[in-house]
Each structure stands twice: as structure tokens, then as C-alpha cells.
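# Architecture and fold: a report
Below, each chain spelled out in residue letters.
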Amino acid sequence: MSALGKVVRAGVGRRRVQTVVMVLTTMTAVTASIMAGGLVVASRAPFDHAFAEQHGAHLTGRFDGTKATGAQIAATAHTAGVTAAAGPFAVVSASPRFASDGMVMEGLPPLTIAGRAAGGGPVDAVTLDQGHWVTGPGQIVLTKAEDGPVMGRVGGTVSFPGLPGKPSLTIVGLARSVSRTADAWVAPAEIPALTGPRATPSYEMLYRFAHAGTGAELSRDRDALAAAVPRGALTGTASYLATKHTADQETATFVPFIVAFGVLGLVMSVLIIGIVVSGAVSAGTRRIGVLKSLGLTPGQVGRAYVGQALIPATVGTASGVVVGNLASVPLLAQASDAYGAASLTVAWWLDLAVPAGVLALVVASALAPALRAARLRTVEALAIGRTPRVGRGRLAARLASRLPLSRALTLGLAGPFARPARSATIWAAVAFGAIGVTFAFGLGSSLSAIQNGLNRDAPGEVAVDTFAPPSGPPPGGGPSHRPAPADAAAVGRAIAAQSGTAGYFGTGHQRATFTGVPGAVDVTTYRGDSSWGALQMVSGHWLDGPRQLVVGRRFLEAAGKHVGDTVTLEGDGRSVQMRIVGEALTVDGSGMRVAADTAAFTALGADTRPDTYQVHLAHGTDRAAYLRDLNTALRPVGVTAVGQSSQVSGTVIAMDTMIAMLTVMLVAVAGLGVLNTVVLDTRERVHDLGVMKALGMAPRQTVAMVVTSVAGIGAVAGVVGVPLGIALHDYVIPAMGTAAGTHIPPSDLHVYHPLPVLLLALSGLAIAVAGALLPATWSARTSTASSLRTE
Amino acid sequence: MSSSTPIIDIREVRKTYDDGPAALDGLSLTVRAGEALAVLGPSGSGKSTLLNLIAGLDRPTGGSVTVDGVRVDQLGETGSARFRRERIGMVFQFFNLLDDLTVTDNVLLPSQLVGAGRAQARARAAELLDLLGIARHARAYPGRLSGGERQRVAVARALMNRPALLLADEPTGALDTASGAEVRELLTELNDDGQTILLVTHDLALAEACASRTIELVDGHIVRDVGGGGTAARPGRGHGGHADGTAGGSAAVAR
């Protein structure tokens, strides 16, 4: 081995703690960067990526099986402009009943079920999340919903009680189709059993086109398909652009916070590597002096120290790539749930770019201080080593000594001023950690508050639909029959008479047109005192009189109105003036949702009988007993009351999981940075620590001094990081609201109350203390005699 | 404390490092209050090991070390730290002053570690600096002082808590001749006033000038003991102070 090789090997082997810290730091930084980078990349057009990966269908054509033969439909694959096609697949619609783990769900909307032998293919290559594809009759694969509960689980059963023979199928897989071509898939041979009497299944054909970038191009493609089959055979088409629009909007909700966390993670990684590597090299200045005195040139010194840093850094980087990819699996799974896209993976180029970037950073961080030290005159380099350069931090030391604290603490407090550059970098790392924690706290609190606000559209503990449950799917998968309405007034009377009812009101749904607002708008009408079940307000107030409207942000923007303005409700040649009395938090109908008092609709002659009654129970009422009694009373009316539980959306769970993982990662990186700095500091000052211990400094005092030396930095970093984290939150949450089409109510935004802020301000201190505790204990345990011998 | 009371009582002490030969091999030593004991010996003879064991900086492999009535070999880390700050003053070859603290702050350190009253400690520090002739440097940083002045600061620091025993490890080893003479004189005066001193040195002149008793170590054994048991190694100076019983100069502040 060459002399230089020996120098490098000795440098790595002798400084074991330093080497371990460098391995850990690079590993954490690479892990963090891959996770953060993976998320940021995944958040860039996830629909487009998943669509490309699955060869998504630009158009899904639905054909009437009575007007075109299977061969005619299959021949549309050769229509001009079609680049790939799949199908035809027989499609039926049937209302399911799910049973798994003793739970039964029925009264659900019908499923669109396609007979498909394989999940793969040239178009819409469906991604299986769990289980396997159907291998024969009696099996079904369900689509995994991107939002809301999964209806069934693998191993459970789904039956169709409305069909002859009440067929029952076993759920063998859960899959995602980016193009959303069906709700479920079965073997083609299964379709006849799922087809009602006197019905013919329709067919579905999936296409990709050479030109499908715009609605106009797709329209031309659709016309070409219609022309290729007998007139009227093509009953409908679904464009991927509509799905993409919805998906992109869902994605846009996530992007602000993913990017914020990603950038925090990347900045911290860069910072920590810089701190650790340059710190390690700077700490070796005296050794560099010794090497120079032995005849090494500055170039050799530079190479030796770069090599010395690269060995642990390479080990750490390689481990980080592995850990980063593994840790990204659950994170990206959450992201795919949130984006409603197929499984996301870490982009391959990230696995190359991140290690390359990190190693380049390591080289730069090692080379600069090594060359600076190598250019020092040898005697100067040799003189450095015991204490920081004389003259730095003296004023701070003098001022600190006057504080009414124990000497160990005041010595620690003055410590950071002796090495201002190192202190500043570690301050920045802890501050970023504090920003991350503060941001995460606010994000979690706001999302929870927003979720609670959104749940207000189904207030109360009990709901009663005034429609009897549907009797089963219509034959042939045609439009479903509207269930028979019950006597709403009788339902209302039964609820009012029921002991334990604290309040109730009815809600109905209308499609309405407002002057100046494009298209029809979904309106929820409220009958009765709904003050206890008001939506969460952004501004203005809830409905408290006739002809009032509470609207979402998009409605205001579309109508060009403000709270307090009037709008005209039109219908059947009549019109009614309504006043917008408030703006509410809502994302329904892309934020176009309108809540209105029934009076205006009654004036238009619309049927305003409630579809649902929302019931609020008196305090202390047993809900199960209440439901039993109420359902007994409702039996003659033919409707059923059900308990309502507040739903936590899959999106919020996904966001909470991501917030937790990313926060832990940021805190770990910051803590490692502190640990490394304290290791360097205590090593450099081991002699001084030995002197103090010889003078009688007890182990506890030593720990207190070392911890205090970063506690001050941590405390200040926390105090500065908290307002920055709050500012980031106050920027990101409204941006997420804008993407979702709503303003955020001030109460959901202002989640930083004094006590949490105080605790968050201490987060910097906590990170610093946690990072310093281990090396502080090591230094307290170091033998005083050997510390004193250390040069 | 009576001059006949042993302040250091070491019995059958053995110390080995890893698998190496014994640095101290069954050594026994008694030092009485007021003695000034010089420990001589070549490098590797066990001088520093002996000093470390007495100061509680290290633990013996076997035997007992009692200093000022305390079984030092049985103390834990916290106990030995407390023992040092209350009963021991240490002076080192390379001064071991903290370069980022002023002279006064260096001297104050031991009293601050025991939590002494601020005003009282400052008065004591000022008194020591004055009597050791370095009061004019009170606000200076150690880097600006000469070697002799730095060692005076180190002595002032060592005396801050009125230790029962002053340990000096090659106190003149890093000094020029003139500064070495100053320190020699200072230690002599301290001992004249009753300060028990144990100094480890190669400097025969220092041993002859300061010590009332001299032992020589070779390979962990005492091979020579001169002046112990009432034999004055330093003419005219007995145990526990001046032969004439008067207290002199700077030594007056040492107790």
C-alpha cells in the first residue's frame, strides 16, 4: 500500500465514531433525498405517468350488443387513427352486496363489470395491487378506489341478489385502472350469469389514438368510430381527458405540501453533508500539519482527505440508495392512493443522480477545507488543535460568565461563539428541522380541521333516507330505476316524535340554473332548523332565512359575485332573487356546491321534499337503542334510519402518513447533524474537557456543559424556525385549498395556538439536546488522564 | 490537621495498563500534612501514574489510595470529581489554562464548579492574583502571558479552593530558567506556610529547592526515599511550615 493509501486508511480507521457518523449521515441524506425526490417526481403529472405506464385508453367506447356484432365492434380496431385497441369486452351493470369479516354492505349503486380474461394488453394494462387476476368463473377483481373505503377485500365475497340465481363471486384481486374503464372484472364466461333476463350485455372497446391531445381531436376520433359501426351502435364514449382533469385536480391538492417537504429534505441533506464532511476535515487540520511536515504536498493532502471522506460516504450512499428505495415503497403507495394513480416507483434516474450528486458534494466539502489547511504554513497547521483560534467568542464567554447560572452552563452557552461558522451551519440544520416539525404540526392540524369541516355535509349521528332502497338492477344494465319515495312528512313526524331527538332537518337535491353561472349547479336544499348542522363557513353566515344561499368559492368565481350579492335562480320561466349570505368550505362539485333554503325552490314550483333527514341526538342518548326504536316507528313508512360516523378520507390518511414519515426524516437528519458537530467539538476540545474534569468538573456537569453548547443554538433555531414553519403552512394550505377549489376557513388555518407554538419553539431545543446527549455522555466518560495526554 | 497526620496513605498499590508490565508494582507511600514531596524518576517509571491515582484521575488495579481521609480508589466518577475540586489543586507542565477565558475566569473556575458565592470567590481570586504578582494581568487572556506568568495563574487556580494537597506535574518543565526559578520560589513559599505539595519532576534543582522529602521511582518501585520520617531533605525546612513557624509571603493566602 502506498504511503497515501496508508494515511487514508488510518484516517478512516482511527476515527471510528467520525466514520460511523459520516456513514449514517450520508445514508440518511441519500435516503431523505431519494424519498423527497421520488415524491416530487411522482407529483409531477402522476396521471400522465401512470397513464403512459398502463397504456391508458384515450377513449372507452360503449356499444349496443343488439345493434352491432362482436366482429363489427372488434373491426373498429382498424379504424383510421387507432394505434392500439383492446376488446370488445362484454359489460353488464349489477347492484352488489358485499360480505366480508361478518360485515354486509348492500343498497349500493350498481357496478360496471367487464368480462376480461387478462389484466394486461396493449391498452389499459390494469395494475394489480393485491391478489391475482381472474382465472375462471366464480371470481371477480375489484377496482381500487382512490378515495373512500374499499368495498371489498381479497377473500371476501360479492353477490348480486337482484339477479336470477343470486350469483356470488369471490374477490380474488384489487386492481387500478388509470383509465377507469370498469368497476370490476370477471372472466368473460361469467358475464351471462350476471346478465338479467331479457337483457343483452353491451360491449366495451378500449382505444389509443395517434392524435388524442385535445377534446377536438378525440371528437374526430369518436366520429370515425361511430362511422365504422351500424348507426346507433356506439352508445357512448368516455374520454381520458375527463378522468385526467379529475386526477390532475386531486394531484394538485398534494403538490404544494409534497414539494415543500421535498425541498426541505433536499436542502437539509445538502447542508448536513456539508457540515459533516467539512467539519471532519477541518478537525484534522493539525494532522494535515503533521502530514505536511512529513513532506506531503497540498495536492496529496487534498487527495488523502477526499479519499478519507469518500470511503464512508460511498458506504453510506450505497446503503442510502437501498434504504431510500425501500422506505419509498410505503410512502409512494400512499402517494399513489392520494393521486389515485397506479403504483408509483422511484424514478430510475434518481437512483443514479442522487448518489452522484451526494458524492460530488462530499468531494467538494472535503476538498475545500483540506486544500485550505494544506495551504496553511505547516507550523500554523500544527499549532491548531486544542482550542478554537484565540480571540473568537471572548466577549460571549465574558458575558455568559455573568449570567446567574452554574459555570458548566455558562461555559456551554459561550461555546458556539468560538466557532461561528460551524455554529451557523448547525443552527441552520436545526432551524430546518424546526421548520419541518412546525409545518408538519400545522399541516396535520389544518387537514384534520378541514376534514371535520367537510364532514359537516353529513352532520348528526343518524340519517334517514326518504327513499326506499332500490329493489335491484334493471335488466340489461340500462339506467337504474329511481327508488320509490316514501312519505317524507311522515318520516319527519316519526323523527320529531322519537324520544332522544335533539334536532333534525331535511336535505334535498336540485339541479338549478343561476343567471350568469355557466351550466347547471347542484344545490342542496335545507328544510328546518339546520343551524346545528351548518357547513363550515369561510365568510358570512349560515342560512337563517328564506331565499338565502351559501356557496363555495368556485361558484363565487364563476358568478363573479361576493358574499352579500344577489343572484337570480331560474326555472320553468320563473325566477327568484336569492342572496348569497355566506361562503362555505366545500370541495363537492369541484367547489361549485350551493346550499339553499327550500323557499326559493318552492316558489319555482320544484319538488322540495327532503331526500334525507339529518338527526342530532340529545346528549346521553344511546344511539343503538334510538335507531332500534326509530326504525320500529319508521317500518310502516318503508324507510330505514342508519347511524352516521364521521368519515376520514383515504386522502387525509395518506397525507397524515406522509407528513409523519417526512417529519421523522427531517428530524433525524437534523439530529444527526447536531450529533456530528458535538462529536467534533468534544473531540477537538477533549484536552480542555480533561482540564476541567481534573479541576473537579463532575460527569453531570460535563454533560450539562456539552449539551448547553448546542442547546442555545437549538433554542434560537427553534424560535426562528417556528415563524418560518408557520409562514410556510400559511402559504401551502391556502394553495392546497385553491387547487381543491375552496378557500380555507380562518379557523382551519389558524391552528397555531399559544401552547403548541411554545412547544414547537422548544422543538429546536429538543432536536439539539437529543443529538448532543450521546456524545456528551461519551465525553463525560472519557478518562481524564487520557484526555490530558491528548495533544 | 496535625503535621503528623498522613495526608496521603498509599498501600500496596499496583497499576497495569492492558497486558503491559505494571506501571506501579506494590508501591506503598505515606505523606504527612505539610510535607513537600518530590517524586523523581526516569520516563516510564510510574511518576505520572502515581499522580493520577492520588488525584483520582485513574483507578489502581490493586491496593488502596487514601488522601485526606478519603479512599480515592473507591470513588466513582462524580465522587472523584467532587474530591478533586474540594481537596486537590493541580498544576501541570503545560499550564492547561483555558485560552478562551481571561486570567480571572481561569482562576475562578474551581470555585465556580463547587458553586461558591460569587463575591467571595472574586475576592479570593483577586487576593491570589495580587499575592502571586499577576494582578495586572487579571483581565488578560493566557495567550499573552509569559510561561512563568501562566504557571503562576495555574498555581492561583490550583489554590482557589484551599486544597489540602497541591499536586504539581513537572511545573517547571516548560519554562525558561528565570521563570522556572520564579515557580520554584513560589512553591517553596507555599510549602513554608504549610501547604502539602507533591511534585513530579525531572528537575533536580526544583526537588532540592522545594522538597522536604524526595522519592525516586524506577519501574514502579520506590528505589530511594530521602528526607522522610523526619529527615529534612531541604535544610532549614521541616514538615508543616517554616522551621521557625512563621508564615511567609504568598503562602499566607494559600490556607
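Keep in mind the model is a prediction, meaning the values are calculated, not measured.

### Notes on the overall build of chain B
- From N to C terminus, chain B includes 8 helices and 12 strands.
- Within the span of chain B, comprising 255 residues, buried residues form 56% of the whole.
- Counted over contacts in chain B with a minimum sequence separation of 6, partners at least 24 positions apart contribute 70%.
- On chain B, roughly 9,900 Å² of surface is accessible, and the fraction owed to carbon and sulfur atoms is 46%.

### So, the overall build of chain A
- Across its full length, chain A holds 25 helices and 22 strands.
- Within chain A, buried positions represent 52% of all 791 residues.
- Here the analysis covers contacts within chain A between residues at least 6 apart in sequence; of these, 80% occur between residues at least 24 apart.
- Summed over all atoms, the accessible surface of chain A reaches about 32,800 Å², with 60% contributed by carbon and sulfur.

### Examining helix α15 (residues 488–497) of chain A
- Taken together, the buried positions of α15 of chain A are occupied by Ala488, Ala490, Val491, Gly492, Ala494 and Ile495 of chain A.
- As for α15 of chain A, its buried residues are in contact with β13 (462–465), β14 (501–514), β21 (612–617) and α18 (623–634) of chain A.

### Re the packing of helix α12 (residues 394–401) of chain A against helix α13 (residues 407–418) of chain A
Residue and element names in this part refer to chain A.
- The N-to-C vectors of α12 and α13 enclose an angle of 155 degrees; their axes lie 8 Å apart at closest approach. With respect to their mutual orientation, α12 and α13 come out roughly antiparallel. Note on packing geometry: the crossing formed by α12 with α13 is right-handed. Here Ala396, Ala397, Ala400 and Ser401 of α12 lie close against α13, whose contacting residues are Arg407, Thr410, Ala414 and Phe417.
- When its residues are assigned to classes, the contact of α12 with α13 shows 5 nonpolar, 2 polar and 1 charged.

### Notes on the UniProt feature "transmembrane region" (unreviewed entry) in chain A
All names here are of chain A.
- Mapped onto the present numbering, the UniProt feature "transmembrane region" (unreviewed entry) falls on residues 20–42, 254–283, 347–368, 426–447, 658–681, 702–726 and 755–774.
- Each end of residues 426–447 is marked by a C-alpha atom, and these two atoms are 31 Å apart; helix forms 100% of the span and strand 0%.
- Between the first and last C-alpha atoms of residues 702–726 the distance is 36 Å; the span itself is 100% helix and 0% strand.

### Re the side chain of serine 709 of chain A
Residue and element names in this part refer to chain A.
- Mapping serine 709 onto the fold places it in helix α21 (residues 699–740).
- Look at serine 709 and you get buried, because its relative accessible area is 16%.
- Here the side chain of serine 709 touches valine 706 through a polar contact of 2.5 Å, landing on its backbone oxygen.

### Re the confidence of the model for chain A
- Averaged over all residues, the pLDDT of chain A is 79; the fraction at 70 or higher stands at 85%.
- Scored below 50 in pLDDT, residues 470–482 of chain A makes 15 contacts in the model with residues more than four places away or belonging to other chains.

### Here's the deal with the sheet that holds strand β1 (residues 6–16) of chain B
All names here are of chain B.
- Ordered by their spatial adjacency, 4 strands build an open sheet running β2-β1-β4-β5, and the pairing between neighbours is antiparallel. The open sheet has two free edges, formed respectively by β2 (22–32) and β5 (70–71), since each of these has just one partner strand.
- For β1 and strand β4 (residues 62–67), the ladder comprises 5 bridges, and the chain directions are antiparallel. Looking across to β4, one finds that arginine 14 is bridged to glycine 62.

### A word on the packing of α21 of chain A against helix α23 (residues 754–761) of chain A
Residue and element names in this part refer to chain A.
- Remark: α21 packs on α23, axes separated minimally by 8 Å, with the N-to-C direction vectors making an angle of 130 degrees. Between α21 and α23, the angle is such that the two are oblique. Contacts between α21 and α23 involve Ala715, Gly718, Val719, Val722 and Ile726 from the first element and Val757, Leu760 and Ala761 from the second.
- Residues that form the contact of α21 with α23 fall into these classes: 7 nonpolar, 1 polar and no charged.

### A short note on the pairing of strand β18 (residues 566–571) of chain A
Residue and element names in this part refer to chain A.
- Bridge analysis of β14 against β18 gives 2 bridges, and the strand direction is antiparallel. In the strand pairing of β18, phenylalanine 514 is matched with leucine 569.
- Inspection of the sheet shows β18 paired to strand β19 (residues 574–584) by 6 bridges, in the antiparallel sense. Residue leucine 569 lies in a different strand from β19, and its bridge partner there is valine 576.

### Focus: the pattern of salt bridges
Residue and element names in this part refer to chain B.
- Under the definition given, this model contains 14 salt bridges over all chains.
- Note that lysine 15 and aspartate 58 form a salt bridge whose closest N and O atoms lie 3.3 Å from each other. Of this pair, lysine 15 sits in strand β1 while aspartate 58 is found in the loop between α1 (47–55) and β4, placing the two residues 43 residues apart along the sequence.
- Across the pair aspartate 203 and arginine 184 runs a salt bridge whose closest N-O atoms are separated by 3.9 Å. Here aspartate 203 is found in the loop between β8 (196–200) and α7 (204–210), whereas its partner arginine 184 is found in helix α6 (residues 177–192), with 19 residues between them in sequence.
- The class for aspartate 203 is partly exposed, based on a relative accessible area of 23%.

### Some details on the nonpolar core
- In terms of nonpolar packing, the biggest core is built from 78 residues, with Phe261, Tyr305 and Leu443 of chain A touching the most fellow members.
- For this core, the element with the most residues is helix α7 (residues 240–282) of chain A, which contributes 11 residues.
- Split by domain, the residues of this core number at least three in each of domain 1 (1–50 + 251–382) and domain 3 (386–458 + 648–791) of chain A.
- With 49 residues, the next largest nonpolar core counts Leu788 of chain A together with Leu37, Leu57 and Phe83 of chain B among its residues.

### Some thoughts on the pairing of β21 of chain A
Residue and element names in this part refer to chain A.
- Of all 6 residues in β21, 5 are buried; the element is thus mostly enclosed.
- Here β13 pairs with β21 via 4 bridges, running antiparallel. Bridging from a neighbouring strand, aspartate 465 pairs with threonine 612 of β21.
- Taken together, the 6 bridges between β14 and β21 define a ladder with antiparallel strand orientation. Residue pairing in the sheet places glycine 503 in a bridge with histidine 616 of β21.

### Focus on the interface of chain A and chain B
- Every contact between the two is made by 29 residues of chain A and, on the other side, 23 residues of chain B.
- Each partner contributes to the roughly 2,600 Å² buried at the junction of chain A and chain B, and carbon and sulfur atoms together form 55% of this total.
- Ranking the residues of chain A by area buried against chain B places Arg394, Arg407 and Leu695 of chain A at the top, with a combined share of 26%.
- Viewed at the interface, chain B and chain A are joined by 0 salt bridges.
- Applying the counting rule to chain A against chain B returns 11 residue pairs in polar contact (both at pLDDT 80 or more).
- Mapped by element, the contributors of at least two residues to the side of chain A that touches chain B are α12, α13, α20 (686–694), α21 and α25 (784–789) of chain A.
- Here the side of chain A that touches chain B gets 6 residues from one element, more than from any other, and that element is α20 of chain A.
- Counted by class, the side of chain A that touches chain B contains 14 nonpolar, 6 polar and 9 charged residues.

Each value, and the rule that gives it
Just so you know, the residues in each chain are numbered from 1, in the order the chain's sequence is written. In the order they appear in the text, chains get letters beginning with A and ligands get numbers beginning with 1. Only residues with pLDDT of 70 or above have their local features reported here, since the model is predicted, and side-chain atom pairs are shown and tallied only from 80 upward, although totals for entire chains, interfaces and linings are computed over all residues. Water and hydrogen atoms play no part in the side-chain values, which are based on all heavy atoms of the structure. Here a helix means four or more residues in a row that DSSP labels H or I, a strand means two or more in a row labelled E, and each is numbered from the N terminus. Each residue is placed in one exposure class: buried if its accessible area under a 1.4 Å probe, protein chains only, is under 20% of its type's maximum, exposed if it is over 50%, and partly exposed if it falls in between. By definition, residues are in contact when any of their heavy atoms lie within 4.5 Å. Computed by Shrake-Rupley with a 1.4 Å probe, the accessible areas treat only the displayed protein chains as cover when residues are assessed. Inter-axis angles, ranging from 0 to 180 degrees, are taken between N-to-C directions of lines fitted to C-alpha atoms, where helices are fitted over the stretch in contact. Convention used here: angles under 35 degrees read as roughly parallel, angles over 145 as roughly antiparallel, angles from 65 to 115 as roughly perpendicular, and any remaining angle as oblique. Handedness of a helix crossing follows the sense of rotation of the near helix relative to the far helix, less than a right angle counterclockwise being left-handed and clockwise being right-handed. Basically, the charged four are Asp, Glu, Lys and Arg, the nonpolar ten are Ala, Val, Leu, Ile, Met, Phe, Trp, Tyr, Cys and Pro, and anything else, Gly included, counts as polar. UniProt positions are given in the numbering used here, feature names are shortened, and annotations may be inferred rather than shown by experiment. Counted as a polar contact is a pair of N or O atoms within 3.5 Å, where, for protein atoms, one must be capable of donating a hydrogen and the other of accepting one, and residues adjacent in sequence contribute only when both atoms are in side chains. pLDDT expresses, on a scale from 0 to 100, how confident the predictor is about each individual residue. Paired strands, as defined in this entry, are two strands with at least two bridges between them according to DSSP. Any Lys or Arg side-chain nitrogen found within 4 Å of a carboxyl oxygen on Asp or Glu counts as a salt bridge. For the purposes of this section, nonpolar cores are sets of buried Ala, Val, Leu, Ile, Met, Phe, Trp, Tyr and Cys residues that join through side-chain atoms within 4.5 Å. Domain boundaries shown here were taken from an automatic or database domain assignment. Joining two parts hides part of their accessible area as seen by a 1.4 Å probe, and the buried area is that hidden amount summed over both.

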